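# An overview of the molecular structure
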Amino acid sequence: MCLIVRCNNKQTLDMRPVEKLRAFADDAEFQRKWLEVKRINKMRLQKHIQKVMGIEISLDAIYDVHIKRIHEYKRQLLNILCVIDRYRTIKRMEPEERRQVVPRVVMFAGKAAPGYFMAKLIIKLTNNVANVVNNDPEIGDLLKVVFIPNYSVSQAEIIIPGTDLSQQISTAGTEASGTGNMKFAMNGALIIGTLDGANIEIREHIGEDNMFIFGARAEEIDGLKAKLRDGSLKMDKRFAEVLRMIGLGIFGDAKTFEPLIFSLQDGRDRYLLSHDFQDYLRAQAEVDEAWKDRKRWLRMSIMSTAGTAAFSSDRTIHKYAKKIWDIQAC
């Protein structure tokens, strides 16, 4: 997202005016127009998914997107395990309860190193879960899972503006300050994430009330890993049940996924999926409640965009030019 501002009959790139959106965050008419634009972008993404994947997704669902290089520390595995828990929960509901469920389309995209065995298993599990969930008539539009192939910048231009919820969930202390979360925030997507990488700085600018924060903090990691190794940190029951479902072969050949399950047991969970799982579910429940309150969600979305002016590359370059390089603009 970028604003074009007129200055002395010339066009200049300047993100600072987006900060003025804060004044309209509670304005009903502005929220209506914001929602209209968001829906148009979601329609583009909906059509793209239909064309590329042949999967029909509802415009009324939360478009929940996890775009990252596929890696254990970026925790796509935590996300898909949460999806399995959500699937299990919906399956156990009575019809009346299901009517209260917020529909969700969980999308994944990204590439992995050719020799990265565990990343390939995570991709395989994600697609297997998608095959089960998307073809379950009891679930319908309440939950869809999509792994978008051949991720590229051209696809990002469609996916990011159509996203409602951005997954930024790496283990605290592992993620360098990437820019993906900034792009999503600029386009009005809300972040569900850990206090890691650029999430920390984004929180300072858009406010923690406009994000869904969960998980261990960086200063807690070493102590939690020690507890995992000595067995004093017990596995959450819902997490154990999800692993059991995979082990039963509900999502394909159980033997295929044994390395994934093995990596999460008996003190080997180096990225603390088992520890953060329960708090992740708590944050996901908060997402659902916020979505039900449309005015609140739109306010958070507007505030998210309004707080991203500081992350403009133009602002960064101007600051370097002035304070470090000591050069003047032509």
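All chains use their own residue numbering, which begins from 1 and follows the written sequence. Thresholds applied to this predicted model are a pLDDT of at least 70 for local features of residues and 80 or more for the giving and counting of side-chain atom pairs; totals over whole chains, interfaces and linings are not thresholded and use all residues. To get the side-chain values, take all heavy atoms of the structure and skip hydrogens and water.

### Re the sheet that holds strand 6 (residues 165–168)
Strand pairs in the sheet, formed through backbone hydrogen bonds, run parallel or antiparallel to each other. Filter applied, for reference: Here the rule is simple: two strands pair whenever DSSP picks up at least two bridges between them. Segments assigned H or I by DSSP are reported as helices when at least four residues long, segments assigned E as strands when at least two residues long, and all are numbered from the N terminus. Note on definitions: a residue-residue contact is assigned when non-hydrogen atoms from the two residues lie within 4.5 Å. Only the contacting stretch of a helix is used when fitting its axis, a line to C-alpha atoms as for every element, and angles between N-to-C directions run 0 to 180 degrees.
One open sheet holds the 6 strands; their spatial order is 5-4-3-6-7-8, and the pairing between them is parallel. This sheet does not close on itself; its edge strands, each paired only once, are strand 5 (143–147) and strand 8 (212–213). Strands strand 6, strand 7 (190–193) and strand 8 of the sheet are contacted by helix 12 (residues 294–306), whose axis makes an angle of about 90 degrees with strand 7.

### Focus on the side chain of Asp-164
The test is simple: In protein, a polar contact requires one atom able to donate a hydrogen and another able to accept it; more generally it is a pair of N or O atoms within 3.5 Å, and residues adjacent in sequence count only if both atoms are side-chain atoms.
By the secondary structure assignment, Asp-164 is in the loop between helix 5 (153–159) and strand 6. A polar side-chain atom of Asp-164 sits 2.7 Å from a polar atom in the side chain of Lys-42. Other than its neighbours up to four places away in sequence, Asp-164 contacts Lys-38, Lys-42, Ala-61, Ile-62, Tyr-63, Ala-189, Leu-190, Trp-291 and Trp-297.

### What about the nonpolar core?
Applicable threshold: In plain words, nonpolar cores are sets of buried Ala, Val, Leu, Ile, Met, Phe, Trp, Tyr and Cys residues tied together by side-chain atoms within 4.5 Å. Only protein chains enter the calculation, and the probe is 1.4 Å; a residue is then buried if its accessible area is under 20% of its type maximum, exposed if over 50%, and partly exposed in between.
If you look at the biggest cluster of nonpolar residues, it comprises 57 residues, and the most contacted ones within it are Leu-77, Leu-81, Leu-125, Val-129, Phe-212 and Ile-246. The element contributing the most residues to this core is helix 2 (residues 76–91), with 9 residues. Residues contacting Ile-246, with those up to four places away along its chain left out, are Leu-81, Ile-84, Leu-125, Phe-251, Ala-254, Phe-257 and Ile-261. Counting 21 residues, the second-largest nonpolar core is a separate cluster that includes Ile-55, Ile-57, Leu-59 and Ile-159.

### A closer look at the environment of Gly-110
Its place among the elements puts Gly-110 in the loop between strand 4 (104–109) and helix 4 (117–134). Between the alpha carbons of Gly-110 and Asn-150 there is a distance of 7.6 Å; along the sequence they are 40 residues apart. Not counting residues up to four positions away in its chain, the partners in contact with Gly-110 are Lys-68, Ile-70, Phe-147 and Tyr-151.

All we've got here are geometric facts, nothing functional implied.
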